[in-house]
Protein chains: 2
Amino acid sequence: MKCIYCGSEESKVIDSRAVEETNAIKRRRECIKCGKRFNTYEKVEVVPMLVVKNDGTRQAFSIDKIKAGIMRACEKRPVSMQEIDTLVNEIERKVYNTMQEEISSKKIGEFVMDGLKQLDEVSYVRFASVYKQFKDISTFYDFLLSYEQSARPKTKRKSKTQK
Amino acid sequence: MKCIYCGSEESKVIDSRAVEETNAIKRRRECIKCGKRFNTYEKVEVVPMLVVKNDGTRQAFSIDKIKAGIMRACEKRPVSMQEIDTLVNEIERKVYNTMQEEISSKKIGEFVMDGLKQLDEVSYVRFASVYKQFKDISTFYDFLLSYEQSARPKTKRKSKTQK
DNA sequence: TAGTTTAACACAATATTTTGTGCTTTGCAA
DNA sequence: TTGCAAAGCACAAAATATTGTGTTAAACTA
């Protein structure tokens, strides 16, 4: 394990403890060369499950990835971790209920979009821009316009309702 | 290390190799109970440095976080990993050149925005929506309008230049 | 500011991992 | 379909990590 301070390849473990909550092993290491200390974490590699993408290919499914995507979309937004966890659990349940051994990525995307739309509209737009792969700025406009016309026909553009 | 298949706490290492590229140790483990195998990765904990936020508080700085933020903004965009790495290196260099022992988060945000603006405009808008904490949908409009008026005065809204 | 929780630190006996070498399998590309 | 690269597999000798116990320092909260 390379030392982050001096770059030396040599370091040794001076303490090692299990972190139950995150299923990890935390190690405290000391660089042989410069003597500085740092921590490392050992974690399980993400497990593969099957998601069928639009082009027919299969890919690993992980609820953590879904959660990460949602958390990104909600970054600095007034959405609590608890709300996210609730949504993630709901999605996981929906996924397992729907699926035999596979589920389409389209379906998963819809679950997430549906949930986010209820939770926070900025997060919803952000997620859509990634999920639907907006190609340029005009796609943002188009999406915003059609969203406001369909889902929130009475919203005034300039209103800033959230503090 | 808990087995991801049967949940048992007992597993043993059957192989262990360094992964030079990512500065990690990859271990192959076998569950004592069910005998199934899985991989784990040990990585260095992110290192703390000092960033001064707008409200005056100090926070850990990590170039990895910057990179992660950029990668999020570039998700599913035609921006190569190499381009991102170049930008990240440039930012890291700028940060270290600017800084005594601290740097303002504003400054870092500007470095990133400057770089992304050159690289990809959709990524740029996404990053801005997080960095500048867009409050609602109208903020998107306002930002897009002022961006197009200042940076790209001749761009037509409906043009879809990228494939 | 006292009380509490978490991280760092130390140490030693025991047990496990590391590492070189090399063969096999699988996935991907030519 | 052939060939290469990466991952999995195996083994054994040597080296290192693990884990209980306990102390101290730091951060957080009531």
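What counts, and where the lines are drawn
- Position labels on residues start from 1 in each chain and follow its written sequence.
- In the order they appear in the text, chains get letters beginning with A and ligands get numbers beginning with 1.
- Per-residue local features of the predicted model are confined to residues with pLDDT of at least 70, and side-chain atom pairs are confined, for both listing and counting, to 80 or more; whole-chain, interface and lining totals are unaffected and use all residues.
- Processing note: side-chain calculations cover all non-hydrogen atoms of the structure and skip hydrogens and water entirely.
- Partly exposed residues are those whose accessible area sits between 20% and 50% of the maximum for their type, while under 20% is buried and over 50% is exposed, using a 1.4 Å probe and protein chains only.
- The numbering of helices and of strands both runs from the N terminus, where a helix is a DSSP run of H or I of at least 4 residues and a strand a run of E of at least 2.
- Strands pair, by our definition, only if DSSP identifies at least two bridges between them.
- Residue contacts follow a heavy-atom distance rule, with two residues in contact if any of their heavy atoms lie within 4.5 Å.
- Each of two parts loses accessible area, computed with a 1.4 Å probe, when they are put together; buried area is these two losses added.
- For this document, the term salt bridge refers to a Lys or Arg side-chain nitrogen within 4 Å of an Asp or Glu carboxyl oxygen.
- Contacts described as polar in this section are N or O atom pairs within 3.5 Å, which, within protein, must combine one atom able to donate a hydrogen with one able to accept it, while residues neighboring in sequence count only if both atoms come from side chains.
- All copies are superposed by least squares; the fitting set is the C-alpha atoms of residues with a pLDDT of at least 70 in both.
- By nonpolar core we mean a set of buried residues, namely Ala, Val, Leu, Ile, Met, Phe, Trp, Tyr and Cys, connected to one another through side-chain atoms within 4.5 Å.
- Working definition: residue near molecule or strand if any one of its non-hydrogen atoms lies within 4 Å of it.
- Throughout, disulfides are identified as pairs of cysteine sulfur atoms within 2.5 Å of each other.

Describing the pairing of strand S2 (residues 24–31) of chain A
Residues and elements named next belong to chain A.
Right, so step 1: Most of S2 is tucked away: six of the eight residues are buried.
Right, so step 2: Summarising the sheet, strand S1 (residues 11–19) and S2 pair through eight bridges and their orientation is antiparallel. Directly across from Ser11, in S2, lies its bridge partner Cys31.
Right, so step 3: Linking S1 to S2, which pair antiparallel, is a turn of four residues; within it Asn23 sits at a positive phi near 45°.
Right, so step 4: Between S2 and strand S3 (residues 37–44), which pair antiparallel in sequence order, lie five residues; one of them, Gly35, sits at a positive phi of approximately 80°.

Here we look at the interface of chain A and chain B
Right, so step 1: At the interface, 51 residues of chain A touch 51 residues of chain B.
Right, so step 2: For the pair chain A and chain B, the summed buried area comes to about 4900 Å², and 54% of that belongs to carbon and sulfur atoms.
Right, so step 3: Counting across the chain A and chain B interface gives six salt bridges.
Right, so step 4: Its salt-bridge partner being Arg29 of chain B, residue Glu42 of chain A comes within 2.9 Å of it at the nearest N-O pair.
Right, so step 5: Summed over the shared surface of chain A and chain B, the number is 14 residue pairs in polar contact (both at pLDDT 80 or more).
Right, so step 6: Broken down by secondary-structure element, the contributors of at least two residues to the side of chain A that touches chain B are S2, S3, helix H4 (121–131) and helix H5 (137–150) of chain A.
Right, so step 7: Of the residues forming the side of chain A that touches chain B, the biggest block, nine residues, is contributed by H5 of chain A.
Right, so step 8: Relative to strand S3 (residues 37–44) of chain B, S3 of chain A runs antiparallel, the two being bridged by five bridges. Bridge pairing links Glu42 of chain A to Glu42 of chain B in S3 of chain B.

As for the relation of the copies chain A and chain B
Right, so step 1: Superposing chain A onto chain B takes a rotation of 178° plus a shift of 0.3 Å along the axis, which leaves an RMSD of 0.8 Å. Within this description, the copies of the chain are treated as partners about a two-fold rotation axis. Rotation axis and chain A: the residue whose C-alpha lies nearest the axis is Glu42 of chain A, separated from it by 1.8 Å.
Right, so step 2: Interface overlap between copies is the fraction of interface residues in one copy that are interface residues in the other; for chain A against chain B it reaches 100%, indicating a shared surface.

Here's the deal with the nonpolar core
Right, so step 1: In terms of nonpolar packing, the biggest core is built from 56 residues, with Ile70 and Leu116 of chain A together with Ile70 and Leu116 of chain B touching the most fellow members.
Right, so step 2: Setting aside anything within four residues of it in sequence, one finds Leu116 of chain B in contact with Ile70, Ala73, Cys74, Leu87, Ser123, Tyr124 and Phe127 of chain B.

Regarding the protein's contact with DNA strand C
Right, so step 1: Around DNA strand C, the neighbouring residues are Arg17, Lys26, Arg28, Arg37 and Asn39 of chain A together with Lys12, Val13, Asp15, Ser16, Arg17 and Arg27 of chain B.
Right, so step 2: What you see for DNA strand C is that sugar and phosphate hold 67% of its atoms within 4 Å of the protein.
Right, so step 3: Taking Arg28 of chain A, its side chain carries an N or O atom lying 2.4 Å from a phosphate oxygen of DNA strand C.
Right, so step 4: Between Asn39 of chain A and DNA strand C, the recorded distance is 3.3 Å, taken from a side-chain N or O atom to a phosphate oxygen.
Right, so step 5: For the surface near DNA strand C, the secondary-structure elements that each account for two or more residues are S2 and S3 of chain A together with strand S1 (11–19) of chain B.

A look at H4 of chain A
All names here are of chain A.
Right, so step 1: Burial analysis of H4 places ten of its eleven residues in the buried class, the great majority of the element.
Right, so step 2: Those residues of H4 lying buried are Glu121, Val122, Ser123, Tyr124, Val125, Arg126, Phe127, Ala128, Ser129 and Val130.
Right, so step 3: A positive phi of about 55° marks Gln133, the residue just after H4.

Topic: the state of the cysteines
Right, so step 1: Overall, the coordinates contain zero disulfides over all chains when judged by the stated rule.
Right, so step 2: Of all cysteine sulfurs, the one in Cys34 of chain B lies closest to Cys3 of chain B, which takes part in no disulfide; the gap is 3.7 Å.

Brief notes about the protein's contact with DNA strand D
Right, so step 1: Neighbouring residues of DNA strand D: Lys12, Val13, Asp15, Ser16, Arg17 and Arg27 of chain A together with Asp15, Arg17, Lys26, Arg28, Arg37 and Asn39 of chain B.
Right, so step 2: Each atom of DNA strand D within 4 Å of the protein was assigned to sugar, phosphate or base; sugar and phosphate come to 70%.
Right, so step 3: Between Arg37 of chain B and DNA strand D, the recorded distance is 3.1 Å, taken from a side-chain N or O atom to a phosphate oxygen.
Right, so step 4: Between a phosphate oxygen of DNA strand D and a side-chain N or O atom of Asn39 of chain B, the distance comes to 3.4 Å.

Function cannot be read off these values alone, since they describe shape.
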